[in-house]
Amino acid sequence: SSSTSSSSATSSSSSAHRSSVVVRAAAPDASTSSSTSSSGTLESNSSEARPAPAANATLLDVSRAFTADVSSGVKPGRGVLDYVRLPAEEYNLLDSNAVTRVQPETFRISAGPQKMLWLEVEPIGILRVTTTERGCDQILEGAVMNDAAAERTGGPENVMISTMNKSLKDLRLRNRISAVVGADGREAIRCQIEIMGAFTEGPFASAGGPRINNLMTWALGAIMPWFLGQLQKDYEDWSAGQPRGRQNVNVAQVAQEILAGSRGKLPAGVREVPVEVCAAVLASCDEDDVEE
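In every chain, residue numbers begin from 1 and rise along the written sequence. Where local features are concerned, this predicted model is filtered to residues with pLDDT of at least 70; where side-chain atom pairs are given and counted, the filter is 80 or more; whole-chain, interface and lining totals use all residues. Note that water and hydrogens are dropped before the side-chain values are worked out from all heavy atoms of the structure.

Details of the overall build of the protein
- Broken down by element type, the protein carries six helices and 14 strands.
- Only protein chains enter the accessibility calculation, which uses a 1.4 Å probe; a residue whose area is less than 20% of its type maximum is buried, one above 50% is exposed, and one in between is partly exposed. When the 292 residues of the protein are sorted by exposure, 48% land in the buried category.
- Working rule for contacts: check all heavy atoms of both residues, and any pair within 4.5 Å makes them a contact. Taking all contacts inside the protein whose residues are at least 6 apart in sequence as the whole, residues at least 24 apart take part in 69%.
- Every accessible area reported is derived by Shrake-Rupley at a probe size of 1.4 Å, with residue values counting cover from the shown protein chains alone. As displayed, the protein has an accessible area near 14500 Å², and 53% of this comes from carbon and sulfur atoms. Numbering of helices and strands starts at the N terminus; helices are DSSP runs of H or I of at least 4 residues and strands are runs of E of at least 2.

Here you go:
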């Protein structure tokens, strides 16, 4: 991830997790960026260098990693490594109609219209997917919340949405998915999420470094175990060649499972593991790059 130095985990994390949580004060990657046009459309600018963060910027840099045990693939070409290298169009946890390839390795992903309090928003992200030796890196190069109501009516963008976008434009996230073998010899899917940013505007800047880092540390601990549990189920279907249709989501049950993860109650076969710290920022983390 973005720095070789690390501080201790937040005080709200349990002692069992402290070796697995990395919270750093470091700047985000200088090699990738995105821009938001006046219409709210994200555009990828992977080759455009980003300036160093302002001295008064609120810095976010948090990482957590989990693994999920899975059964070995039962059909040729259906192993764990094949699964974690699937192209973005075949991610079953996303609506394929919401994924648009804009460059060979870059995709525009829409979450569709969503209700947030009294607002109508459409979260959109630019995702770059690169293949690694053990899987793939999914790098969020930019995110924006479009004002769905304003687009429908032709009215001005809501002030609250506009303020949130001032922070989202500086948010970067990398999800590193890889195929690994656990200590017990079982195959597993490993997921490490790194969230970073240097914020000078919007709510993230106002929150301050300690608060936003603590919040994101808690959020990753809550959401990642649930996400790994979904990957377990999806891989079992995919490896067996069975239909991967989405099931009806019980929102209350999902909320309970996510909250359970935040309290350290993990799904069967899911465990937190130490974060791999890479020498390069947002670069592929191969075996030689990992610092002990």
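Details of helix 3 (residues 159–168)
- Regarding helix 3, the residues found buried are I161, N165, S167 and L168. Down the axis of helix 3, the buried side of the element spans an arc of 155°, and every buried residue falls inside it.
- Looking at the packing, one finds that the buried side of helix 3 touches strand 8 (119–131), strand 9 (135–147), strand 10 (171–181), strand 11 (187–199) and helix 4 (202–207).
- With a side-chain oxygen lying 2.7 Å from the backbone nitrogen of M160, the N-terminal cap of helix 3 falls on N158. Note that the arc is computed from the directions linking the helix axis to the C-beta atoms. Under this definition, polar contacts are N or O atom pairs within 3.5 Å; protein pairs additionally need one hydrogen-donor-capable and one acceptor-capable atom, and for neighbouring residues in sequence, both atoms have to be side-chain atoms.

Focus: the packing of aromatic side chains
- Here the aromatic set is Phe, Tyr and Trp, taking the six-membered ring for Trp, and pairing holds for ring centres within 6.5 Å; pairs whose planes are under 30 degrees apart are stacked, those over 60 apart are edge-to-face, and all others are tilted. Enumeration according to the criterion identifies four aromatic pairs in this entry.
- Ring centres 5.2 Å apart and planes at 70° place the aromatic pair Y83 and Y235 in the edge-to-face group. Here the residue Y83 occupies a position in helix 1 (residues 80–84), and Y235 occupies one in helix 5 (residues 209–239), the gap between them amounting to 152 residues. Here Y83 and Y235 have matching classes, each one buried.

Observations regarding the pairing of strand 8
- The buried fraction of strand 8 amounts to ten of the 13 residues, a majority that puts the element mostly inside the structure.
- Sheet analysis places strand 6 (residues 106–110) next to strand 8, joined by five bridges and oriented antiparallel. Among the inter-strand pairings, I109 is bridged to a residue of strand 8, identified as G125.
- In this scheme, strands are said to pair when DSSP sees at least two bridges between them. As defined by bridge partners, strand 8 adjoins strand 9 across eleven bridges and the pair is classed as antiparallel. Each bridged residue has a counterpart across the sheet, and for I124 the counterpart in strand 9 is V144.
- Hairpin connection, strand 8 to strand 9: the antiparallel pair is bridged by three residues.

Comments concerning the nonpolar core
- In this structure, L60, Y83, I177, I189 and L228 are the most contacted members of the largest nonpolar core, which totals 41 residues.
- Non-local contacts of I189, meaning those with residues more than four positions away in its chain, are made with F66, T67, A68, V70, V80, Y83, V84, I177, S178, L228, L231 and Y235. Within this scheme, the nonpolar core is defined by two criteria: the residues are buried Ala, Val, Leu, Ile, Met, Phe, Trp, Tyr or Cys, and they are joined through side-chain atoms within 4.5 Å.

A few points about the pattern of salt bridges
- Salt bridge, as used here: a side-chain nitrogen of Lys or Arg that lies within 4 Å of a carboxyl oxygen of Asp or Glu. All chains considered together, the criterion is met by eleven salt bridges.
- For K169, the salt bridge goes to D170, with nearest N and O atoms at 3.1 Å.
- Relative accessible area serves as the criterion here: at 31%, K169 is assigned to the partly exposed category.
- By relative accessible area, which is 12% here, D170 ends up buried.
- A salt bridge links E276 to R176, with the nearest nitrogen and oxygen atoms 2.8 Å apart. Taken as a pair, E276 in the loop between strand 12 (270–273) and strand 13 (277–278) and R176 in strand 10 lie far apart in primary sequence, 100 residues in all.

Some points on helix 5
- Between the first and last C-alpha of helix 5 there are 42 Å, a value that for 31 residues agrees with the 45 Å anticipated at 1.5 Å per step.
- Within helix 5, the axis deviates most sharply at I223, by approximately 25°, and proline P225 lies no more than four positions further along. The span you would expect from a helix comes to 1.5 Å times its residue count less one. At every residue, the bend is computed as the angle between two fitted axes, covering the seven residues ending there and the seven beginning there respectively.

A closer look at the environment of I124
- When you line up the elements, I124 lands in strand 8.
- Overall, I124 belongs to the buried group, its relative accessible area being 3%.
- As for I124 and V144, which are separated by 20 residues in sequence, their C-alpha atoms are 5.4 Å apart.

What to know about the side chain of R128
- Mapping R128 onto the fold places it in strand 8.
- Of the residues examined, R128 reaches a relative accessible area of 14% and is grouped as buried.
- Among the polar contacts made by the side chain of R128, one reaches the side chain of E141 at a distance of 2.4 Å.

Overview of the pairing of strand 9
- Here strand 9 lies mainly inside the structure; 13 of its 13 residues are buried.
- Taken together, the six bridges between strand 9 and strand 10 define a ladder with antiparallel strand orientation. By the bridge assignment, Q138 is partnered in strand 10 with N175.

Functional significance is not addressed by these values, which are geometric in nature.
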